[in-house]
Amino acid sequence: MAEELNENVMIEGFDPARMVDQQQDHSMENWMTIYGAYQNSKILYAPISGIEKVGPDGEDKKACAVVRVGAIRGLIPLEFTGAENLRHLRAMTGQDIAFMVLNYDQENGVFTGSRTKALEKMADITLRKIEEGDVIPAVVRHVGDDYMLGDIGGIQVFLPISEIRYGWIDDIHEEFKVGDALKVKVTAIDRDKKEVDVSAKALQENPWPDCVKRYQKNGEYVGVVSGVREYGVFVRLEPGVDSLSSHLKFQNVRKDDRVLVRVDNINTEKEQIRTRITRVL
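Residues numbered from 1 in each chain as written. Predicted model: local features only at pLDDT ≥ 70, side-chain atom pairs only at ≥ 80, totals over all residues. Heavy atoms only, no water.

**Observations concerning the sheet that holds strand E4 (residues 72-77)**
Condition: Two strands pair if DSSP finds at least two bridges between them. Working definition: helices are DSSP H or I runs of at least four residues, strands are E runs of at least two. Numbering for both runs from the N terminus. Axis angles are defined between N-to-C directions and span 0 to 180 degrees, where every axis is a line fitted to C-alpha atoms and, for a helix, only to the segment in contact.
Across the sheet, which stays open at both edges, the six strands sit in the order E1-E5-E6-E4-E3-E2 with mixed pairing between neighbours. Among the strands making up the open sheet, the edge pair consists of strand E1 (44-47) and strand E2 (50-54). When strand polarity is set aside, the average angle formed by the axes of neighbouring strands in this sheet is 50°. In terms of strand pairing, strand E5 (residues 96-105) meets strand E6 (residues 110-114) through five bridges, oriented antiparallel.

Right, dumping it as structure tokens:
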């Protein structure tokens, strides 16, 4: 029950008309949002705030993602979330997602939604608006060991490590996190299959072959260890240019060590420089 306000006290500057109502009921406003989204096939956005098992008693209940429009609870069945399984759905909790309203039950204060339907609509819009050569944003949805998966508007794009940037990338996880956004260039579009190829590297200036003017065979140059693998040591000579050296016989080096290397070979066609570490600085 709401408490009655005693306005008989005297407070300098107090204006009853400016009293903030902290108990406003926005439920009808939120239901109007749901009605409008349902009738106009509008896409809504909200974070996945939980997971519930829903279904008749005595039967196997289905996992559903929980979203909210204000205080109104929405359920998105697992098969409509785009998640491969319950484990994948758990990994999506807390993330903002797009969804469309499939139906609603105002009496019980709940609606049903679909993320996959929203993504299909977004993909159709994206395919109508983009052309090969366009520069567009991509939001990182997954970071693998040698690739990333991005979202360009309802369409998942595959970004191999070779198309992220020039130079050696030791650990993609150190440079990108889920939710990060980066600019990419559209390199190919298959509208029938709804597939798009993109590259972030295509937007960057290629340091080759110009960089070979700055290095010569048997020359010695200071670099920074950018990665260590069983087959060799990568040494960054400049941004986008990493050489590959053999391991030292009597000393180990670590990432970020400064070293002096001697150039053994430069292959401009393959964009490769082979070096030997002559000194650890």
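**Remarks on empty space enclosed by the protein**
Threshold: Think of a 1 Å grid over just the protein atoms. A cavity is a set of points where a 1.4 Å probe fits yet cannot get out, a pocket is an open set with protein on both sides within 12 Å along at least five of seven lines, and lining residues have an atom within 4 Å of a point. Grid points are joined across faces, edges and corners, and a volume is the space filled by probe spheres set on the points. When residue character is reported, Ala, Val, Leu, Ile, Met, Phe, Trp, Tyr, Cys and Pro are called nonpolar, Asp, Glu, Lys and Arg charged, and the others, Gly included, polar.
One pass over the full model with this rule turns up one cavity of 30 Å³ or more. Ala 138, Val 140, Met 148, Leu 149, Gly 150, Val 157, Leu 159, Leu 182, Val 184 and Val 198 together form the lining of the largest cavity. Looking at the lining of the largest cavity, the elements with two or more residues in it are strand E7 (135-143), strand E8 (147-151), strand E9 (156-160) and strand E10 (181-190). Among the elements that take part in the lining of the largest cavity, E8 stands out by supplying three residues, more than any other. Partitioned by chemical class, the residues of the lining of the largest cavity number nine nonpolar, one polar and no charged.

**Let's talk about the layout of surface pockets**
In this model, the largest pocket occupies a volume close to 840 Å³. Forming the walls of the largest pocket are 25 residues, and the residues nearest its centre are His 88, Met 92, Arg 115, Arg 141 and Gln 156. Of all the elements in the fold, those that place two or more residues in the lining of the largest pocket are helix H2 (86-92), E5, helix H3 (115-129), E7 and E8. Here the residues of the lining of the largest pocket sort into eleven nonpolar, nine polar and five charged.

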